[in-house]
Amino acid sequence: MAEAKKMKSEASTSGSGDGDGGARESVVVDNGRQRSSCGYCKSAARTSISHGLWAHSLTVDAYQVLLDRGWRRSGCYLYKPDMEKTCCPPYTIRLKATDFVPSKEQIRVYRKMDRFLEGKLDVKKTYISEDDTMFGGLGGTELHFDKTHVSINESSVCGSNTNDKAEELVHLLSDQINSSIQLYLKSLDFKCDVQLPKASVKKVVAAKKKLQAQESEELMFSCSAAFQIFATLKRLKRVVEHGEVAEVGLVDKIDWNEHSPERLAELFASHSKLLAESYGLSVRACNGHINYYSTWSHVEVEVEVGKGTRKSETTPSADSDNEKHSKKDHQKPQHTLEIRLRKSCFDLEEYSLFRKYQLMVHNDTPDGVTESSYQRFLVDTPLIHIPPNGDSAVPPCGFGSFHQQYIVDGKLLAVGVVDILPNCLSSKYLFWDPECAFLSLGKYSALEEIRWVKENQLQCPSLQYYYLGYYIHSCSKMRYKAAYQPCELLCPLRYEWIPYDIAKPLLDKIKYVVLSGYADVQPSAPNTDGGVAEELSNSVEQEHADDLLVNDDEMSEADSDLSDDEAGIAATTSMEAEDVDLRHVVIGVRGLRLKYKDIQHAFDRDQRRYMQNQLQRYVKAVGRQLSEEMVYSLD
């Protein structure tokens, strides 16, 4: 599908935290030990423990070293879990791109995308849960589904029993609109038990097929549910105003211009778009009606009348000869995928997609998904951008923080937030359009990012690895990361990389393991054929349809508190007795850069004791090398 893909690299914009053009130094503020609630085990107590730093600026080389010591970033906030004490120890996981062996499931993900771009996607194997079919709201209202699902079992609208297939499609479209209605009502905090009308998609009689249709299409199906819902809500509003029933939610506060039949039809039509397109139909709202049109001139005959079979080259044929003939005759893709790599910056279209994703997939509250929180989490970056210099030391896009956009036919479907560093591409977060869950965009983006590393390694040989964030063995929804083989986990004590096949049986027994102590152990069942990866990928996909690649926001600074402050200036630990050389730690104070040995006498006894305690924790967390290169700011 080379003709259906375009690759574009843009580096003309930067995030607010980008240090491009500024001083090439790393400046951090030590937040000390942090305690927060855990987003993985959902513990009510503050059982997640980490060391936190706020980075004003950070070189890509420094961040590469931090990654290799178990650190991660959330915006400009850096954190390193206390692996011995935290409730869910997260191990940094990586993969050498050139060694990557895709599993059968991962190969299927690529082929599924190719079939989608060709217009040949067989939807009979596509599972759409309500996590996968969620979408953004109307007039600032954001919506989400409950945990129920709809399965699509039809491979085509047409076939030998065409009328039956058309009836099945009518039911599918009706069910999806009804799901949209329930989602819409939930957004209004609907609390009434009044029976609402059910949406019903109906076939259009032949005499009306050209109504509101463009020249190359015909009207096939229509639904008037928007009028019924609007009328029902109006009646309920009057009932509430007369005091006949208790409050039913936000019905009495609705802006009826924003929630008119026309606007509701637009909302419900947008939800049905991909399902309709998978059957060769387009969907549009027209004067409050939801209309489905044929995309090809011959579809209406075959669907409505049931004569013959569908001949479109976009329908996969069971006969191999016909399939080969279809490929031979195929001249251009039905859809075009464009992948753009841009420097991290705020983009309204990206934010809208992020908001839609968070509310629908993760069930976040609307108040919790704001432009400022998005900016802080996924746009702001302390990384100092290094532009390309034409030699083999820097890739064509440069080093720094980027957003990789996945655009199909001009529509933004997914965004991967990544850091490109001297030795790796580090995947930070992915958000995607819930309407496109059937494309497994989480898996697809991971494969594309691995491919990106392999391609750019030719120009920048130091780029070898793909970092998948954290791996928590006790968290089942993270185990899919181990399906990218052969992967390695970082030893939390000696910071050596250990093959996953060695680490897995150890982690099966205990959460925290000094993995490097078992580096010479031979794995009991080496993975030579991708079977383990296949099992991991399949098992997790069944349990977690959200297909999320990286989700590190649970450990951000927002919910943390500083336990060191609770202990006070007189705090002492056994760490004070350790042999940690603090003399050459770089201290930033009042714009100056000084060695600790040169300013330690400026503190009184208690202050010096507290300062040394903090610096010892800091040096142990970042390593002696970085402590003598980064600026430990006291400003």
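Quantities reported herein were computed from a predicted structural model and do not represent experimental measurements. (Residues numbered from 1 in each chain as written. Predicted model: local features only at pLDDT ≥ 70, side-chain atom pairs only at ≥ 80, totals over all residues. Heavy atoms only, no water.)

So, on to the overall build of the protein chain. When its secondary structure is counted, the protein chain shows 16 helices and 23 strands. Buried positions account for 55% of the 635 residues belonging to the protein chain. Across the protein chain, contacts joining residues at least 24 apart in sequence account for 71% of those joining residues at least 6 apart. Surface exposure of the protein chain reaches about 27,900 Å², of which carbon and sulfur atoms provide 48%. (Helix = DSSP H or I, 4+ residues; strand = E, 2+ residues; numbered from the N terminus. Buried < 20%, exposed > 50% of the residue type's maximum accessible area, 1.4 Å probe, protein only. Contact = heavy atoms within 4.5 Å. Areas by Shrake-Rupley, 256 points an atom, 1.4 Å probe, with all protein chains shown as cover.)

Moving on, we get to the pattern of salt bridges. In a structure, side chains of opposite charge can pair up when their charged atoms sit close to one another. Under the criterion given, the structure shown has 18 salt bridges. Close ionic contact of D82 with R33 constitutes a salt bridge, the shortest N to O distance being 3.9 Å. With D82 in the loop between β5 (77-81) and β6 (91-96) and R33 in strand β2 (residues 27-36), this pair connects stretches of sequence that are 49 residues apart. Across the pair D419 and R73 runs a salt bridge, and its minimum N-O distance is 2.9 Å. Separated by 346 residues along the polypeptide, D419 in strand β15 (residues 411-420) and R73 in strand β4 (residues 72-74) bring together distant segments of the chain. (Salt bridge = Lys/Arg side-chain N within 4 Å of Asp/Glu carboxyl O.)

Turning our eyes to something else, we now look at the confidence of the model for the protein chain. Per-residue confidence for the protein chain averages 76 on the pLDDT scale, and 68% of its residues sit at or above 70. Counting interchain partners and residues more than four positions distant, the pLDDT-below-50 stretch residues 296-330 has 59 contacts. Between residues 526-533, whose pLDDT stays under 50, and residues either more than four places distant or in other chains, the model counts nine contacts. (pLDDT = per-residue confidence, 0-100.)

The geometry of helix α2 (residues 104-118) relative to helix α10 (residues 441-457) is characterised by a closest axis approach of 10 Å and an angle of 100 degrees between their N-to-C directions. Judged on the interaxial angle alone, α10 and α2 are roughly perpendicular. Two secondary-structure elements touch here, α2 through E105, Q106, V109, Y110 and M113 and α10 through L441, K443, Y444, L447, E448 and R451. When grouped by side-chain class, the residues that make up the contact of α2 with α10 number six nonpolar, one polar and four charged. (Axes fitted to C-alpha atoms, helices over the stretch in contact; angles between N-to-C directions. Parallel < 35°, antiparallel > 145°, perpendicular 65-115°, else oblique. Nonpolar A, V, L, I, M, F, W, Y, C, P; charged D, E, K, R; others polar.)

Burial analysis of helix α1 (residues 60-67) places six of its eight residues in the buried class, which makes it a mostly covered element. Taken together, the buried positions of α1 are occupied by V60, A62, Y63, Q64, L66 and L67.

Relative orientation of the contacting elements helix α8 (residues 348-361) and helix α9 (residues 371-379) amounts to 100 degrees, with a least axis distance of 11 Å. Here α8 lies roughly perpendicular to α9, going by the angle between them. Judged by residue contacts, L348, E350, Y351 and F354 of α8 engage E371, Y374, F377 and L378 from α9. Residue composition of the contact of α8 with α9, grouped by class: six nonpolar, no polar and two charged.

By definition, the strands of a sheet pair up through backbone hydrogen bonds, in either a parallel or an antiparallel sense. What the four strands build is an open sheet, ordered β9-β10-β12-β11; its pairing is antiparallel. Edge positions in the sheet fall to β9 (202-203) and β11 (281-286), since each of these pairs with one other strand and no more. Sheet topology note: the strand β10 (residues 219-223)/strand β12 (residues 289-294) ladder contains four bridges and is antiparallel. Residue pairing in the sheet places L219 in a bridge with Y293 of β12. In this fold helix α5 (residues 261-278) packs onto β11 and β12, with an angle of close to 175 degrees to the strand it touches most, β11. (Pairing = 2+ DSSP bridges.)

Its location among the elements puts I386 in the loop between α9 and β14 (400-408). The partly exposed category is assigned to I386, whose relative accessible area is 25%. For the pair I386 and C397, spaced 11 residues apart in sequence, the C-alpha separation works out to 8.9 Å. Discounting chain neighbours no more than four positions away, the residues touching I386 are R24, V60, V394, G398 and F399.

On to the side chain of R73, then. Owing to a relative accessible area of 1%, R73 belongs among the buried residues under this scheme. Polar side-chain contacts of R73 include one of 2.8 Å to the backbone oxygen of G75. With residues up to four places along the chain from it excluded, the contact list for R73 reads Y63, L78, Y79, D380, T381, P382, L383, S401, D419 and K428. (Polar contact = N/O pair within 3.5 Å; in protein donor to acceptor, adjacent residues only side chain to side chain.)

Here we come to the pairing of strand β3 (residues 48-57). Of all 10 residues that make up β3, eight are buried, and the element is covered over most of its length. Pairing geometry for β3 and β5, over five bridges, is antiparallel. Counted as the bridge partner of L53 is L78 from β5.

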